[in-house]
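Architecture and fold: a report
What follows is each chain in one-letter form.
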Amino acid sequence: MPRRETSSRPPLAPRPTPVGANPNVEREAAYARVSVMFGTDRKLDPRTGSFGGGRGTGISYGEVIVSVPHGHKTGEMEAPSLWKLEFREDPRKHMTILDWTPHTRLGFLNRVKAKVQAQGSSGSSFVFVHGYNVSFSDAARRTAQITYDLDYRGVPVFYSWPSQGTLQGYTTDENNVQWSEANLKRFLTDFAQKSGVKDIYLIAHSMGNRALTGALRQLFAERPGLKGRFKEIILTAPDIDAEIFKRDIAPALAAGCNRITLYASDGDNALLASKKVHGYPRAGDTAEGIVVVPGIETIDASGLDTSFLEHSYFATAPPVISDIRRVLLDGLRAARRGLEPHVAGTGSYWKLKAARP
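Predicted, not measured: the structure shown is a model, and the values here were computed from it.

Details of the side chain of Ser67
In this structure, Ser67 sits in strand 3 (residues 50-69). A relative accessible area of 0% places Ser67 in the buried class. A polar atom in the side chain of Ser67 sits 3.0 Å from the backbone oxygen of His94. In this structure the side chain of Ser67 is engaged in a polar contact, spanning 2.8 Å, whose partner is the side chain of Thr96.

The structure is reproduced here in structure tokens:
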């Protein structure tokens, strides 16, 4: 994977972007180029020039450029298909890693600051933490897809922990996601204090919710001054023990952020498999009851994902993408997003409906 070295000196500001255009997207004749920032505690493999599934010695930083074909469909992450006799990536047809630039820690923060200054008054950013069975490249592509589909004009960032990127790597991923909590806490502390971003949105998927919630619990306890610093926490399909989430995690998160959204589903086969492994329901699985706790808006996204696993609906199901867009871009709470209210026990949750044909 090609890369360019950078120093910690402040970079030049990004080129002016036409009014109405997304500053993260450059549209060329053959395809679009989407720029996303990253932090990772994966180990860099010098043979491939990319980050693998090993644990790094610290946090690495950088920026990735991902292609998006002009025929891109919302919710898809186009890749070569054997059914179409496609044996290699083509940026005109697929989302591919075109280039990446490593940064020092200060170089990364200065680059984010420059992007924020170019935004003007918006000054927002999201930080995405991926789940199990996700390679570094797939995390970059997913972040670019989210950025493109949401037409997100803040600074898109992803944090990539050392997932093995294989179905067989579940146990190793569980160990690594816990190992990454301390590094992610350091990353988020730095980002909150020194990036120059006004509104920070945190998004986690599946097992990545363990790293994010663990990091935030530590951060809020150790640095109470950062409570309220994050604009919104979005937990999608969390692969976390539901009872532990309700008893220990949710109260700690709600004490540090007053805007938290949890997306769950009753057909999430990945979480049903996780329940079999661990013996208890997961927070993102509604099959045995939906998680409803004070301080968190729970959204039932059941029936919206038509894939085999029904697990990545946050980024693949257009109704969920649209709902997340209204959270990030419009700042609307569930009661103002046209969702259907329901009651569960002593609390309430919201049902997300499929878009009308």
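Observations regarding the confidence of the model for the chain
The pLDDT averaged across the chain works out to 91; a share of 92% of its residues lies at or above 70. The low-confidence segment residues 4-13 (pLDDT under 50) makes 21 contacts with residues lying over four places distant or belonging to another chain.

Here's the deal with the packing of aromatic side chains
Within the structure shown, the criterion is met by 17 aromatic pairs. Between Tyr61 and Phe108, the aromatic rings sit 5.2 Å apart at their centres with planes inclined by 40°, giving tilted as the arrangement. Of this pair, Tyr61 sits in strand 3 while Phe108 is found in helix 1 (residues 105-119), placing the two residues 47 residues apart along the sequence. Both residues of the pair, Tyr61 and Phe108, count as buried. Residues Phe108 and Phe191 carry aromatic rings whose centres are separated by 6.4 Å and whose planes lie at 45° to one another, so their mutual orientation is tilted. A residue pair is termed long-range when its members are at least 10 positions apart, and Phe108 in helix 1 and Phe191 in helix 4 (residues 181-194) qualify at 83 residues. The two residues Phe108 and Phe191 agree in class, both being buried. One aromatic cluster in this structure is built from Phe38, Phe51, Trp100, Phe136 and Phe158.

Definitions and cut-offs
Residues numbered from 1 in each chain as written. Predicted model: local features only at pLDDT ≥ 70, side-chain atom pairs only at ≥ 80, totals over all residues. Heavy atoms only, no water. Helix = DSSP H or I, 4+ residues; strand = E, 2+ residues; numbered from the N terminus. Buried < 20%, exposed > 50% of the residue type's maximum accessible area, 1.4 Å probe, protein only. Polar contact = N/O pair within 3.5 Å; in protein donor to acceptor, adjacent residues only side chain to side chain. pLDDT = per-residue confidence, 0-100. Contact = heavy atoms within 4.5 Å. Phe/Tyr/Trp six-rings, centres within 6.5 Å; stacked < 30°, edge-to-face > 60°.

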